[in-house]
Amino acid sequence: MKKSIIAIAVSSAALASVSVQAAEGSTVDVYGNIQYVYVDKEAGGNFEDNGSTIGLKGDTKINDDLTAFFKYEIEIKADQKSGLTDSGKSNLDQAYVGLKGSFGKVQIGSFDTIYNNAIQDNINQFEYLSPTKAANTSEGDTIAFFAPSMGGFEVQVAIQVKGKASEGATTNNNYDNLSSMTVLKYSADMFSVALAHDTRGNTTGPTSTGNAKATTGLALTVNPLENLSVTAKYETTESTQDILGLAARYGYGAGDVYASYQNVDPDAAGSSSFNEYAAGVTYDLASNVYVYAELGEFENAKSSTTDTQTAVGVYYGF
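Residues numbered from 1 in each chain as written. Predicted model: local features only at pLDDT ≥ 70, side-chain atom pairs only at ≥ 80, totals over all residues. Heavy atoms only, no water.

Student: How do you make sense of unusual backbone geometry when you look at a structure like this?
Tutor: Residues other than glycine predominantly adopt negative phi, and peptide bonds predominantly adopt the trans conformation. Even without glycine at this site, Arg200 takes up a positive phi of about 50°. Its identity as a non-glycine residue notwithstanding, Ser239 has a phi of 60°, on the positive side. Locating Ser239 in the fold gives a position in the loop between β12 (228-237) and β13 (241-251). (Helix = DSSP H or I, 4+ residues; strand = E, 2+ residues; numbered from the N terminus.)

Below, the structure written as C-alpha cells:
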C-alpha cells in the first residue's frame, strides 16, 4: 500500500489551461509522481522505476445530490530512455467514471479491486517489496457499488464483465463468465473488520477449461494508539493455499515505520508452508517528497532457500 499523496494543489500554467477548458460546474486536477528505487535481490541489483504515474481527475455537479466523477491515470517507465526492451513503455493504471450521492457511489472502469482494498492492502503495505497475496479477480472491465455507511456498516459489491470477444478470450474459455466480489465492513473508533469473497468466476483453473477456485478473506485492524495500526488477516483459496498475515504501522512524525509477517501454506503436492518477513521506514523531506528503505526475507515453497531483498527509493508527488 503506497503512501498516498493525492490532490496536491498545482499552480502552473498547464493546470490553469486545463481548468479553463473544464465544463461549467466541473473541476479537473492534474497530478502525478516520479518514483525511483534501487533493489538488491539474490539474483543481483537493479535501478528501477517504481510506478511513476501521471493522471487527470475531476468531477461535475449534476444537482444538489448527484455528482459525476472520473479518473484517468497512466503508469510510465521513467528509469531509462530508448534502446532497451522495456524502455518508454506506458500502461493504464486506473481509468473510471462514476456517480455519487446520498445513495452511495457507483463506478465503472479499471481500478483496484474492492477485495484487495479490504483484505490485502494493510499487509502488502510496502513501497517496493511484495509479499504473497491470495489470487483474486484482475482489474478492469469492472462495475462497483459502494453503499453509504450505516451505523458503521458498509457493503460493497463489484462484477467484472469481459465476454467471449474480449482480450485473452482465446486462451481463457471462462472469459464470458461473470466474476463477482462482495465486501462487508464494520468500523468503530478503535477498530475495523472486513469480510470479503471473490468468486473469480472468469478465471481459469489448472487448465484453460477449468474453473478457478474462489478466494475468501477476513481482516481485522485495531488502532490502540493515535498513530499506530495493527492488522491481522486470513485468506484462503480453495484447494490452492491459505495465508495468515500480521502487520503494524506507526507514524513517528517525520514518516512511518512498518512491518509485516506472513505464513503461506500451499496445497500443491511437494510444497511446504513458508514464511515472509519484511519491514520498512519512510522519511518525509516535504509534504510531497519522501525517501524510504525496506528489507525483506522471503522463503521458498519448494526448497530451503531464502531470498533476501533490500530496496532504497524516493517518491516525489505533484
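Student: Got a minute to help me understand the confidence of the model for the chain in this structure?
Tutor: Detailed reading of the predicted coordinates is not advisable wherever pLDDT is low. When pLDDT is averaged along the chain, the result is 88; 86% of the residues meet or exceed 70. In this model residues 3-20 is a low-confidence stretch, pLDDT under 50, and it forms 21 contacts with partners more than four residues away in sequence or in other chains. (pLDDT = per-residue confidence, 0-100. Contact = heavy atoms within 4.5 Å.)

Student: Would you explain a negative patch on the surface in this entry?
Tutor: On the surface, Asp40, Glu42, Glu297 and Glu299 cluster together into a patch of negative charge. For Glu42, the location among the structural elements is in the loop between β1 (26-41) and β2 (44-49). The exposure class assigned to Glu42 is exposed, which follows from its relative accessible area of 54%. (Patch = residues over 30% accessible without salt bridge, like charges linked within 9 Å, V, L, I, M, F, W, Y side chains within 5 Å. Areas by Shrake-Rupley, 256 points an atom, 1.4 Å probe, with all protein chains shown as cover. Salt bridge = Lys/Arg side-chain N within 4 Å of Asp/Glu carboxyl O. Lys, Arg positive; Asp, Glu negative; His and termini not counted. Charge placed at Lys NZ, Arg CZ, Asp CG, Glu CD. Buried < 20%, exposed > 50% of the residue type's maximum accessible area, 1.4 Å probe, protein only.)

Student: Would you mind going over the pairing of strand β17 (residues 306-317) with me for this structure?
Tutor: It is a general feature of regular strands that their side chains alternate between the two faces of the sheet. Examined bridge by bridge, β1 and β17 share eight bridges and lie antiparallel to one another. Paired with Ile34 across the bridge in β17 is Tyr316. Relative to β17, strand β16 (residues 289-299) runs antiparallel, the two sharing eleven bridges. Looking at β17, one finds that Leu295 is bridged to Thr310. (Pairing = 2+ DSSP bridges.)

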